[in-house]
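Take a look at the letters that make up each chain.
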Amino acid sequence: MTRSFRTATTGLAAALMLTGITASAHGFMGLSPWQTGIPGRLIQLRGTVVCTGCSLAEARRLQHDKYSNHLYQVTSQQGQLVLDIHAVSNPRWFDYVTLPQFSLRGEEGLLQPLSAPETQAKEVELTGLLTAPWTLDVSAVEIRESSPQTLDVSEAQTRQ
C-alpha cells in the first residue's frame, strides 16, 4: 500500500511539474512581435527621399544636419537610398528599428521606382509588414510630388 501510494504521489508530482513547465513555455511564445497574428505589425511610413545611391553619411552632409534622427538608410535588391521619415503609423516601429537603417523586401516592379534618381526630393509612402528586425516586406509604394517647404520666420533669420 505504501509503495503504490509513493508511486502515485511521484507520478502526480511529475505530471504537475511538466504541466507547469509547458504552460510557462506557452506563456512566453506570445511575446515576440514578429509572429503572425499579432496586431500592429502593419506599418505605413511616410517620408521624403533625400538621395538615391548614397550613404547615410552623405545624406547628412547634403542636409547639413549631422544629428538628424529622422534619416534612415534603406537598402533593397534594387539599390539603396536615404529617407527622411516624417510619419510612422505604428509607434512600435521605433522600438524595433533602433538603428538608422533597414531593408526593404518586395517585388522588383514594386521597389524599382524607389531607387530611381527621379524620386529624389519626392514624398513616398511605404506600406508593409515588419517581419524581422530591420526588414519591411513592402506591399504598396506610393510616390508623390513633394510639397514646397515653408520657412518659419525664425528659421529664415537664422539661415541668413
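Residues numbered from 1 in each chain as written. Predicted model: local features only at pLDDT ≥ 70, side-chain atom pairs only at ≥ 80, totals over all residues. Heavy atoms only, no water.

## Some remarks on the pairing of strand β6 (residues 135–144)
In this sheet, β6 lies alongside strand β4 (residues 101–105) in parallel orientation, the contact comprising three bridges. The residue of β6 that forms the bridge with S103 is T135. Taken together, the nine bridges between strand β5 (residues 123–132) and β6 define a ladder with antiparallel strand orientation. Bridge assignment links G128 to a residue of β6, and that residue is V138. Linkage of β5 to β6, two consecutive antiparallel strands, is achieved through a turn of two residues, within which W134 is found at a positive phi near 70 degrees. (Pairing = 2+ DSSP bridges. Helix = DSSP H or I, 4+ residues; strand = E, 2+ residues; numbered from the N terminus.)

## Details of the state of the cysteines
Per the counting criterion, the structure on display carries one disulfide. Between C51 and C54 runs a disulfide, and the two sulfur atoms are separated by 1.6 Å. Its torsion about the S-S bond being 65 degrees, the disulfide of C51 and C54 is classed as right-handed. Relative accessible area serves as the criterion here: at 3%, C51 is assigned to the buried category. Exposure remark for C54: the relative accessible area of 8% places this residue in the buried category. (Disulfide = S-S within 2.5 Å. Buried < 20%, exposed > 50% of the residue type's maximum accessible area, 1.4 Å probe, protein only.)

## Observations regarding the pairing of strand β3 (residues 79–88)
Both strand β1 (residues 42–52) and β3 contribute to a ladder of seven bridges, which runs antiparallel. What sits directly across from L45, in β3, is V88. Across six bridges, strand β2 (residues 71–76) lies against β3 in antiparallel orientation. For Y72, the partnering residue across the bridge sits in β3 and is L83. A loop of two residues connects β2 with β3, the two strands running antiparallel in sequence.

## What about the confidence of the model for the protein?
In the predicted model, the protein carries a mean pLDDT of 75, and the fraction of residues at 70 or more is 62%. Looking over the protein, one finds the lowest element-wise mean pLDDT in helix α5 (residues 153–159), namely 41, and the highest in β4, namely 94. Counting interchain partners and residues more than four positions distant, the pLDDT-below-50 stretch residues 22–39 has 18 contacts. Confidence drops under pLDDT 50 across residues 149–160; counting only partners more than four residues distant or on other chains, this segment forms two contacts. (pLDDT = per-residue confidence, 0-100. Contact = heavy atoms within 4.5 Å.)

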